[in-house]
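Take a look at the letters that make up each chain.
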Amino acid sequence: MFVISKDVVLIVLWTTGRCNLACKYCYAGSTHIKEDMDFETAAQTVDLFSDQPMKIQFAGGEPLLNYPLICQVVDYVKEKHYDASFQMQTNGTCITPEIAAGLKKMKIALGVSLDGPPEVNEFTRGKTREVIAGIQCLADEGVKVNINSVVTSHSVLQLPKLVNFAYYLGNVGGIGLDLLRDAGRARDHTDTIPKAAPAQLQKALKEMVETSQELYELTDKKIIIREIHEARQRLKMSSCDKAYCYASCGRSYVVLPNGDVYPCGSLIDQADYYMGNVKTPPLKSVAIEKAEPQACQSCDFYAICPGGCPSRLLINGDKGQHPSLDCVLKKAAFDLAKKGIY
């Protein structure tokens, strides 16, 4: 996430705790939340922020398992003339031609989870055939998507192949990398799904960039690598305000189906980050403290780097550690962008 508006609030509606996959690393997979959010809870949430610009994200669980609620929320927001945009992170398996047409009509920006080429994604997530079919339904509607890939030791070396696969799908604009979090099911699969090693991550990012560049030179079509794109934009700056995300500056509200609120979906099992319930306002504002190791201040990119994901550093026990995988990834991206490889 590159630009954090000081006026916008991020509202994450956890439309359901249910999911039709059982990803080995899912941070929500070990929670007790299985119910769906009802319309009253969703409406109460957006009403609380009616006087502010909102970025409304549908999440879960698998948000499309409660597709009717998504339609209701979009209609309600438009009826009330609230200032809001919509986005969704989905596993893609539930997307039919009818849902694809509906998502296009509602103008919901889409991220689809895919960890690598089919054999990799099948190991970590499953139902890859359905994911591809869902993405192709969106392509038939002319809908562009971005891919979000969770990086593990199992997937990291196959990421360059993911660039080729994304190109083959036809309607993928970019790929973003999400480093593994020690939460949910990941705690139970540390042997089979360990974190990627720093050298693996650096190598994979460089090869992703080279693959994207080769495709661009051959076809004039480029798959954007999010981390490199952001690094290039930041290199044009002389300094930044260090805000990593909306949760790091107290402007993020993740609302669970029962109305409970947390600043980040990764922290829904941590009582210290409980912000209240939308049914009994007001809500407490919580900003996730960002750790900054002393070594960061001697980095060439210190002035323009927002640091690592504060919730991931907290969960992974990397708070105050240097270098974390977040740091390795960001520095590798800056180095590649600075060399003009991409």
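Report on the accompanying structure. (Residues numbered from 1 in each chain as written. Predicted model: local features only at pLDDT ≥ 70, side-chain atom pairs only at ≥ 80, totals over all residues. Heavy atoms only, no water.)

### Brief notes about the overall build of the protein chain
Keep this limit in mind: The numbering of helices and of strands both runs from the N terminus, where a helix is a DSSP run of H or I of at least 4 residues and a strand a run of E of at least 2. A radius of gyration in this sense is built from C-alpha atoms; the matching globule rule multiplies 2.2 Å by the number of residues raised to 0.38. Each residue's exposure class comes from its accessible area (1.4 Å probe, protein chains only) as a fraction of the maximum for that residue type: buried when under 20%, exposed when over 50%, partly exposed otherwise. Note on definitions: a residue-residue contact is assigned when non-hydrogen atoms from the two residues lie within 4.5 Å. Here, Shrake-Rupley sampling with a 1.4 Å probe gives the accessible areas, and only protein chains in the shown set may cover a residue. Positive charges come from Lys and Arg, negative ones from Asp and Glu, while His and the chain ends are left out of the count. In plain terms, the charge of a residue is placed at NZ if it is Lys, CZ if Arg, CG if Asp and CD if Glu.
The secondary structure content of the protein chain amounts to 10 helices and 10 strands. Relative to the 2.2 N^0.38 estimate, which gives 20 Å for 342 residues, the radius of gyration of the protein chain is 19 Å and therefore close to what a compact globule would have. Here the C-alpha coordinates of the protein chain stretch approximately 50 × 45 × 40 Å along the principal axes. By the burial criterion, 54% of the 342 residues in the protein chain qualify as buried. Summarising the internal contacts of the protein chain: among those between residues at least 6 apart in sequence, 76% fall at separations of at least 24. Accessible surface, the protein chain: about 15,100 Å² in total, of which carbon and sulfur atoms supply 50%. One way to put it: in the protein chain the 38 positive side-chain charges average out to a point 4 Å from where the 39 negative ones average out.

### Quick look at the pairing of strand E3 (residues 84-90)
For the record, the criterion: Two strands pair if DSSP finds at least two bridges between them. With the strands aimed away from the viewer, a crossover counts as right-handed if its path from the first strand over the helix to the second runs clockwise.
Sheet topology places strand E2 (residues 54-60) next to E3; 5 bridges connect them, and they run parallel. When the bridges of E3 are listed, Gln57 appears paired with Gln87. After leaving E2, the chain enters helix H2 (residues 67-80) and then returns to the sheet as E3, a path that is right-handed. Bridge count between E3 and strand E4 (residues 108-113): 5 bridges; the pairing is parallel. Bridge assignment links Met88 to a residue of E4, and that residue is Leu110.

### Let's talk about unusual backbone geometry
The omega torsion across Pro281 and Pro282 is 10 degrees, close enough to zero to call that bond cis. Structurally, Pro282 can be placed in the loop between strand E10 (276-277) and helix H9 (310-315). Although it is not a glycine, His81 sits at a positive phi angle of roughly 60 degrees. Along the polypeptide, His81 turns up in the loop between H2 and E3. Despite not being glycine, Lys127 shows a phi value in the positive range, around 55 degrees. Counting through the fold element by element, Lys127 comes out in the loop between helix H4 (118-124) and helix H5 (128-140). In this structure Lys127 comes out as partly exposed when scored by relative accessible area, which is 34%.

### What to know about the pattern of salt bridges
Basically, it comes down to this: Any Lys or Arg side-chain nitrogen found within 4 Å of a carboxyl oxygen on Asp or Glu counts as a salt bridge.
If you walk through the whole model with that rule in mind, you get 7 salt bridges. Among the ionic pairs, Arg18 bridges to Asp36, the shortest N-O distance being 2.9 Å. Residue Arg18 is found in the loop between strand E1 (9-16) and helix H1 (39-48), and its partner Asp36 is found in the loop between E1 and H1; the two are separated by 18 residues along the sequence. Of the charged contacts in the structure, one is a salt bridge between Glu210 and Lys206, with a shortest N-O distance of 2.4 Å. Of this pair, Glu210 and Lys206 both sit in helix H7 (residues 198-219), separated by 4 residues, roughly a single helical turn. The network of salt bridges with common partners includes Asp178, Arg181, Arg312 and Asp326.

### What to know about the pairing of E4
By the criterion of burial, E4 is predominantly enclosed, with 5 of the 6 residues buried. Crossover handedness for the path E3 to helix H3 (residues 97-106) to E4: right-handed. With 3 bridges connecting them, E4 and strand E5 (residues 145-151) associate as parallel partners. Residue pairing across strands places Val112 opposite Ile147, the latter belonging to E5.

### Let's talk about the packing of aromatic side chains
Our working rule: Whether two aromatic rings pair depends on their centres lying within 6.5 Å, for rings of Phe, Tyr and Trp, where Trp uses its six-membered ring; planes under 30 degrees apart make the pair stacked, over 60 edge-to-face, and the rest tilted. Comment: the charge-over-ring label is applied if NZ (Lys) or CZ (Arg) is within 6 Å of the ring centre and within 35 degrees of the ring normal.
Counted according to the given criterion, the structure contains 7 aromatic pairs. One aromatic cluster in this structure is built from Phe39, Tyr76 and Tyr82. Across from the ring centre of Phe123, 4.6 Å away, lies the NZ or CZ of Lys24, which sits over that ring. When the ring centre of Tyr216 is taken as reference, the NZ or CZ atom of Lys222 above it lies at 4.6 Å.

### Things to note about the sheet that holds E2
An order of E7-E6-E5-E4-E3-E2-E1-E8-E9-E10 is seen for the 10 strands of this open sheet, with the pairing classed as mixed. The strands lining the two open edges of the sheet, one partner per strand, are strand E7 (224-225) and E10. Note: strand E8 (residues 252-255) against strand E9 (residues 260-262), 2 bridges, orientation antiparallel. The residue of E9 that forms the bridge with Val255 is Val261.

### Notes on the packing of H2 against H3
The line we're drawing: Note on definitions: angles span 0 to 180 degrees between N-to-C directions of axes, and those axes are lines fitted to C-alpha atoms, for helices only across the stretch in contact. By definition in this entry, angles of less than 35 degrees are roughly parallel, angles greater than 145 are roughly antiparallel, angles of 65 to 115 are roughly perpendicular, and the rest are oblique. Throughout, a crossing is termed right-handed when the near helix is turned clockwise from the far one, and left-handed when it is turned anticlockwise from it by less than a right angle. In this classification, Asp, Glu, Lys and Arg are treated as charged, Ala, Val, Leu, Ile, Met, Phe, Trp, Tyr, Cys and Pro as nonpolar, and every other residue, Gly included, as polar.
Packing of H2 against H3 brings their axes to within 11 Å, and their N-to-C directions diverge by 20 degrees. The angle between H2 and H3 falls in the class roughly parallel. Crossing handedness for the pair H2 and H3: left-handed. Residues Tyr67, Ile70, Cys71, Val74 and Lys78 of H2 form the contact with H3, whose participating residues are Glu98, Ile99, Gly102, Leu103, Lys105 and Met106. Its residues placed into classes, the contact of H2 with H3 shows 7 nonpolar, 1 polar and 3 charged.

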